[in-house]
Amino acid sequence: MKGILRAGFTDEGYQDIRYEKLQIVGIEYQGQQLKDISISRKEGGHARGFYRGGWGHFSFNDLNQTKEAVQTAFNRAKVAGQYRKEIYQLAQAPVVEDKVRVTPKMDPRQISLEEKRELLNKYNQLVLNLKGIATTQVSYYEQASQKFFANNEGTYIDQEELICGLRMVIFARRGRDTQRTIVALGGSDDFSLLLDKEEEVLKAAEKALALLDAEPVNAGNYTVIMDPDAAGVFIHEAFGHLSEADGVADNDALRETMKLGRVFGKPILNVIDDGSLPGHPGSIVYDDDGVKAKKTYLIKNGILTGRLHSRETAGKMGEELSGNSRAKDFTFAPVVRMSNIYIDKGDTPFEEMIGSIKDGLYLVGAAGGQTSGNMFTLAVQYGYRIRDGKIAEMIRDIVVNCNLFETLANISAIGDDLKFSRSGGCGKAGQILIKSGKGAPHIKIDNITVGGK
């Protein structure tokens, strides 16, 4: 493969090529009905050329086209480069030759499709048999790829990636009132993490049923505690995307807002992206620029200290490579993406955090989030009132809507119980990337705006 991929290279400018063999397994239940069960396989490649700040691209499916793909991509780059007003170079990256193989404890590729379906069906029936559960959406995903990467600087990487997981949305209904909870399992290359989770699935179903009797939260400003799932989505959606340098490099206003050295929070706050952490949805060894993934402090001791880069953005901004240039598959060009972003653990036990609040909210589980400029919205699965330092009645219909920078500054305690989400997934530039992880411990935030009745 190495010789085939390198056949089209010249010494002019920068040229690289990826070739990928991809297998995707999907199983989906909606209520009692099996909606989909499939295995799809595809392979193809993507060549890039870079010249005087201009990129050229060419996607292909036939290995016999590699030489044409590289030459066409580079010819397009030369055309694009002629019209660039700003000329810059890619950041220098080490030349590597490497072979990466996954070694899961239980390899999902060795489990039959029928065994996977039976596992989904078992969890599904367990929930559907409960009185008050209206329906479910249960899905299994598995993505296995072998990527070959080469560039005209001498790098050649043969890399396997593998992830599998299960996501279950549970709907409880009484009359016209419908409530839901979400449970995610797996999120790594180890199928054994999906087994023996009946207790976790039942707990999520019982929470959905309990929400039918819960009162909507009263809108207002509160001191809140976010659980690791809600805090992980918060840091991914509200802060993580602003750390992706391709959104910052050519935006003068955002570049000033995200100026390194700016104080974003109290000294207890540390935010990290680390693709080299094994066993999480965003874990990788090399990105799609052929750069090794690593641990990058984005906020250290409350101060903005780093951001996420491709070779292009690191070269343009004169900053250190981070290994975050990633594509969904061979049909896309890589863009800057988070790997495993997380708030690092602090030293405050959860019980001490709860005990410090006279009147507040405990927010549990994320149901979705999005960011618009400095503002973010986070839908929460459910929560509880906190009264006189104790967890009280259940509440629902909770939406947090706040300014990112005020919220970061108002984080007043960070728990000692860092936990990573078992579900990945992130959308950007038309690419839904499954291999994207997030995590956090419990965090206490003062004076946060919560929408409700």
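What you see is a predicted model, and the numbers here were worked out from it, not measured in a lab.

## Here's the deal with a negative patch on the surface
Residues Asp347, Glu351, Glu352 and Asp416 make up a contiguous surface patch of negative charge. Judged by relative accessible area, Glu351 falls into the exposed class, the value being 59%.

## Quick notes on the packing of aromatic side chains
Think of a pair of aromatic rings as described by two things: how far the centres are apart, and how the planes are tilted against each other in angle. Enumeration according to the criterion identifies 13 aromatic pairs in this entry. With a centroid separation of 5.1 Å and 80° between ring planes, the pair formed by Phe264 and Phe405 is classed as edge-to-face. Within this pair, whereas Phe264 is found in the loop between helix H6 (252-257) and strand S10 (271-274), its partner Phe405 is found in helix H9 (residues 404-409), the two being separated by 141 residues in sequence. The exposure class of Phe405 is buried, given its relative accessible area of 12%. Taking 5.1 Å as the distance between ring centres and 65° as the angle between the ring planes, the aromatic pair formed by Tyr342 and Phe420 counts as edge-to-face. One end of the pair, Tyr342, is in strand S15 (residues 340-343); the other, Phe420, is in strand S21 (residues 419-420), with 78 residues separating them in the sequence. Given a relative accessible area of 13%, Phe420 falls into the buried group. Taken together through their ring pairs, the aromatic side chains of Tyr14, Phe50, Trp55 and Tyr88 make up a single cluster. The aromatic ring of Phe405 is capped on one face by Arg262, whose charged end is 4.7 Å from the ring centroid. Note that Lys300 overlies the ring of Tyr297, its terminal NZ or CZ placed 4.6 Å from the centroid.

## So, the sheet that holds S15
What holds strands together in a sheet is hydrogen bonding between their backbones, with the strands either parallel or antiparallel. With respect to topology, 6 strands assemble into an open sheet ordered S12-S11-S10-S15-S24-S21, the strand pairing being mixed. Here the strands that pair on one side only, and so sit at the sheet edges, are strand S12 (303-304) and S21. For S15 and strand S24 (residues 437-440), the ladder comprises 3 bridges, and the chain directions are parallel. By the bridge assignment, Tyr342 is partnered in S24 with Gly439.

## What to know about the packing of helix H3 (residues 113-128) against helix H4 (residues 198-211)
Contact pair H3 / H4: the axes reach a minimum separation of 10 Å and the direction vectors enclose 35°. H3 and H4 meet at a crossing whose hand is right-handed. Across from Lys122, Tyr123, Leu126 and Val127 in H3, the residues of H4 making contact are Glu198, Val201, Leu202 and Ala205. In the contact of H3 with H4, the residues fall into 6 nonpolar, no polar and 2 charged.

## A short note on the UniProt feature "domain: Metalloprotease TldD/E N-terminal" (unreviewed entry) in the chain
Taking the numbering used here, the UniProt-annotated feature "domain: Metalloprotease TldD/E N-terminal" (unreviewed entry) corresponds to residues 16-77. Across residues 16-77, helical content stands at 19% and strand content at 66%; the span's end C-alpha atoms are separated by 12 Å.

## A short note on the pairing of strand S11 (residues 295-300)
Residues in a regular strand point their side chains to alternate faces of the sheet. Examined bridge by bridge, S10 and S11 share 4 bridges and lie antiparallel to one another. By the bridge assignment, Val271 is partnered in S11 with Ile299. Sheet topology note: the S11/S12 ladder contains 2 bridges and is antiparallel. The residue bridging Lys300 from the neighbouring strand is Ile303, located in S12. From the end of S11 to the start of S12, which pair antiparallel, there are 2 residues, and Asn301 there has a positive phi angle of about 55°.

## Details of the domain arrangement of the chain
With domains assigned, the chain is organised as domain 1 (1-71 + 85-213) and domain 2 (216-451). For domain 1 versus domain 2, the distance between C-alpha centres works out to 22 Å. Counting from both sides, the interface comprises 51 residues of domain 1 and, opposite them, 39 residues of domain 2. Buried area between domain 1 and domain 2, summed over both chains or domains, comes out near 3600 Å², and the portion from carbon and sulfur atoms is 53%. Taken together, domain 1 and domain 2 are joined by 5 salt bridges. The residue Lys147 makes a salt bridge to Asp288 at a minimum N-O spacing of 3.1 Å. On the surface where domain 1 and domain 2 come into contact, there are 19 residue pairs in polar contact (both at pLDDT 80 or more). Among the secondary structure elements, those contributing two or more residues to the side of domain 1 that touches domain 2 are strand S1 (14-30), strand S2 (33-51), strand S3 (54-60), strand S4 (97-100), strand S5 (133-151), strand S6 (156-174), strand S7 (177-188) and H4. Broken down by element, the side of domain 1 that touches domain 2 gets its largest block of residues, 10 residues, from S7.

What counts, and at which threshold
- Residues numbered from 1 in each chain as written.
- Predicted model: local features only at pLDDT ≥ 70, side-chain atom pairs only at ≥ 80, totals over all residues.
- Heavy atoms only, no water.
- Patch = residues over 30% accessible without salt bridge, like charges linked within 9 Å, V, L, I, M, F, W, Y side chains within 5 Å.
- Areas by Shrake-Rupley, 256 points an atom, 1.4 Å probe, with all protein chains shown as cover.
- Salt bridge = Lys/Arg side-chain N within 4 Å of Asp/Glu carboxyl O.
- Lys, Arg positive; Asp, Glu negative; His and termini not counted.
- Charge placed at Lys NZ, Arg CZ, Asp CG, Glu CD.
- Buried < 20%, exposed > 50% of the residue type's maximum accessible area, 1.4 Å probe, protein only.
- Phe/Tyr/Trp six-rings, centres within 6.5 Å; stacked < 30°, edge-to-face > 60°.
- Helix = DSSP H or I, 4+ residues; strand = E, 2+ residues; numbered from the N terminus.
- Lys NZ or Arg CZ within 6 Å of the ring centre and 35° of its normal.
- Pairing = 2+ DSSP bridges.
- Axes fitted to C-alpha atoms, helices over the stretch in contact; angles between N-to-C directions.
- Left-handed = near helix turned anticlockwise from the far one by under 90°.
- Contact = heavy atoms within 4.5 Å.
- Nonpolar A, V, L, I, M, F, W, Y, C, P; charged D, E, K, R; others polar.
- UniProt positions renumbered as here; feature names shortened; annotations may be inferred.
- Domains from an automatic or database assignment.
- Buried area = accessible area lost by both parts, 1.4 Å probe.
- Polar contact = N/O pair within 3.5 Å; in protein donor to acceptor, adjacent residues only side chain to side chain.

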